[in-house]
Amino acid sequence: MKKYCFKVIVALLFGGLSACTSPQQPRPLLIATAANLQYAMRDLTAAFTAESGIACELILGSSGKLTAQIRAGAPYHVFLAADEQYAEAIFRAGLAAEPPETFAYGQLIWWSVTQAIPEDLTVLATDAVPHIAIAQPRTAPFGVAAVEALQYLKLYEALEPKLVYGESVAQANQFVTTGAATYGLTALSTTRIPAYQETGQWVAVDTQAYQPIEQSVVTLTADELLRPQAVAFQRFLFSAPARAILRAHAYRLPANTPTQ
């Protein structure tokens, strides 16, 4: 009887161990993504997963913050920055497999959910406009572009005291939608977000007023096992289906973008 009980216990233990060590679900690709790309990336990763069967998980933030996280050892597989300099910095640090590639260009707009955009922008310097939202230039390329545009338009000195800074484009947008800021300088892709498509008004900023906002991608080297899947996603960004999604989200494409 004791031998029988011992055999049962051993069988149960090994059965439990077998169940615990059964193959786990494949790990998803962790894709660190500049905040302006949030909604485009939802569509892009859905299309990529449908085509490849590879699951993806987005980590959103400003390009500068994500760069700092990658340098600190965050286990991401792909990095999509809103400015090539951040992706280039990761490559130069030896944390990316290849130099960055630019897959799209962001565009800057004036945006408000409550007011029309005045033709004479000097009106923004009056007391009627208490705050203007932009992304933080120290960490967000769209914030850098906003400052460049204000300087180009000779408005920076007059409007600088009114500026409120979001950590990213997404937070700058929140300042506008909640009324914390009357106007914002933000990404054109904001106007493609379903909740904002019929909200407020926007006017594009002359692209000569700021340096190109290069949406760039690098495959990271931290995880050898998932690197082939990460490379596959980077290549997908240059495919015809991905180009169509990026256009739908108001991104300009490089003229010489390769296709699969």
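Residues numbered from 1 in each chain as written. Predicted model: local features only at pLDDT ≥ 70, side-chain atom pairs only at ≥ 80, totals over all residues. Heavy atoms only, no water.

Engineer: Just give me the short version of the packing of aromatic side chains, but keep the residues and values in it.
Structural biologist: According to the stated counting rule, one finds four aromatic pairs in the structure shown. Each ring, one from Phe48 and one from Phe233, has its centre 5.2 Å from the other, and the planes form 85 degrees; the classification is edge-to-face. One end of the pair, Phe48, is in helix H2 (residues 38-52); the other, Phe233, is in helix H8 (residues 227-236), and 185 residues separate them in sequence. In this structure, Phe48 and Phe233 share a single accessibility class: buried. (Phe/Tyr/Trp six-rings, centres within 6.5 Å; stacked < 30°, edge-to-face > 60°. Helix = DSSP H or I, 4+ residues; strand = E, 2+ residues; numbered from the N terminus. Buried < 20%, exposed > 50% of the residue type's maximum accessible area, 1.4 Å probe, protein only.)

Engineer: Describe the pattern of salt bridges, and please don't skip the residues or the numbers.
Structural biologist: For the coordinates displayed, the defined rule picks out five salt bridges. The closest approach of N and O atoms between Glu167 and Lys65, which form a salt bridge, is 3.4 Å. Residue Glu167 is located in the loop between strand S7 (163-166) and helix H7 (169-177), and its partner Lys65 is located in helix H3 (residues 63-71); the two are separated by 102 residues in the primary sequence. Overall, the relative accessible area of 39% leaves Glu167 in the partly exposed class. Between Arg235 and Glu101 there is a salt bridge whose closest N-O contact spans 3.2 Å. Of this pair, Arg235 sits in helix H8 while Glu101 sits in strand S4 (residues 101-106); the two residues are 134 residues apart in sequence, bridging distant segments of the chain. The class for Arg235 is partly exposed, based on a relative accessible area of 33%. With relative accessibility at 25%, the residue Glu101 sits in the partly exposed group. (Salt bridge = Lys/Arg side-chain N within 4 Å of Asp/Glu carboxyl O.)

Engineer: Just give me the short version of the pairing of strand S5 (residues 108-112), but keep the residues and values in it.
Structural biologist: A regular strand places its side chains on the two faces of the sheet in alternate fashion. With five of five residues buried, S5 lies mostly within the body of the structure. Here S5 runs beside strand S8 (residues 183-187); their pairing, made up of four bridges, is antiparallel. Residue pairing across strands places Trp110 opposite Leu185, the latter belonging to S8. In terms of strand pairing, S5 meets strand S9 (residues 201-204) through four bridges, oriented antiparallel. The residue of S9 that forms the bridge with Trp111 is Trp202. (Pairing = 2+ DSSP bridges.)

Engineer: With reference to specific residues and values, describe the nonpolar core.
Structural biologist: Within the largest apolar cluster, 27 residues are counted, with the highest numbers of intra-cluster contacts made by Leu108, Trp110, Leu124, Ile132, Leu185 and Val205. Only S5, strand S6 (132-135), helix H5 (141-152) and S8 provide two or more residues apiece to this core. At six residues, the largest contribution of residues to this core is made by H5. (Core = buried A, V, L, I, M, F, W, Y, C linked by side-chain atoms within 4.5 Å.)

Engineer: So, H5: which residues are in play, and what are the values?
Structural biologist: The terminal C-alpha atoms of H5 lie 16 Å apart, and with twelve residues this matches the ideal 16 Å at 1.5 Å per residue to within 8%. For H5, the full list of buried residues reads Pro141, Phe142, Gly143, Ala145, Ala146, Val147, Ala149 and Leu150. Looking one or two residues beyond H5, the residue adopting positive phi is Lys154, at roughly 60 degrees. (Expected span 1.5 Å × (residues − 1).)

Engineer: Provide a residue-level description of the sheet that holds S5, including the pertinent values.
Structural biologist: Spatially, five strands are ordered S7-S6-S8-S5-S9 in an open sheet, and the strand pairing comes out mixed. Two strands in the sheet have a free side with no partner beyond their single neighbour: S7 and S9. In this sheet, neighbouring strand axes are inclined to one another by 30 degrees on average, regardless of whether the strands run parallel or antiparallel. (Axes fitted to C-alpha atoms, helices over the stretch in contact; angles between N-to-C directions.)

Engineer: Talk me through the packing of H3 against helix H4 (residues 84-92); I want residue IDs and the actual numbers.
Structural biologist: Contact pair H3 / H4: the axes reach a minimum separation of 10 Å and the direction vectors enclose 10 degrees. As far as their axial angle goes, H4 and H3 are roughly parallel. For the pair H3 and H4, the contacting residues are Ser63, Gly64, Thr67, Ile70 and Arg71 in the first and Tyr86, Ala89 and Ile90 in the second. Across the contact of H3 with H4, the residue classes break down as four nonpolar, three polar and one charged. (Parallel < 35°, antiparallel > 145°, perpendicular 65-115°, else oblique. Contact = heavy atoms within 4.5 Å. Nonpolar A, V, L, I, M, F, W, Y, C, P; charged D, E, K, R; others polar.)

Engineer: Quick one: what's the story with the pairing of S4, residue by residue and with numbers?
Structural biologist: Along S4, five of the six residues are buried, which leaves the element largely enclosed by surrounding structure. Pairing between S4 and strand S10 (residues 213-219): five bridges, direction antiparallel. Bridged to Ala104 within S10 is Gln215.

Engineer: Quick one: what's the story with the sheet that holds strand S3 (residues 78-81), residue by residue and with numbers?
Structural biologist: Spatially, the five strands line up as an open sheet ordered S2-S1-S3-S10-S4, and their pairing is mixed. Pairing within the sheet leaves two strands with one partner each, and these edge strands are strand S2 (56-61) and S4. The sheet shows a mean angle of 20 degrees between the axes of neighbouring strands, taken without regard to direction. Relative to S2, H2 is tilted by about 165 degrees, and along the sheet it contacts strand S1 (29-34), S2 and S3.

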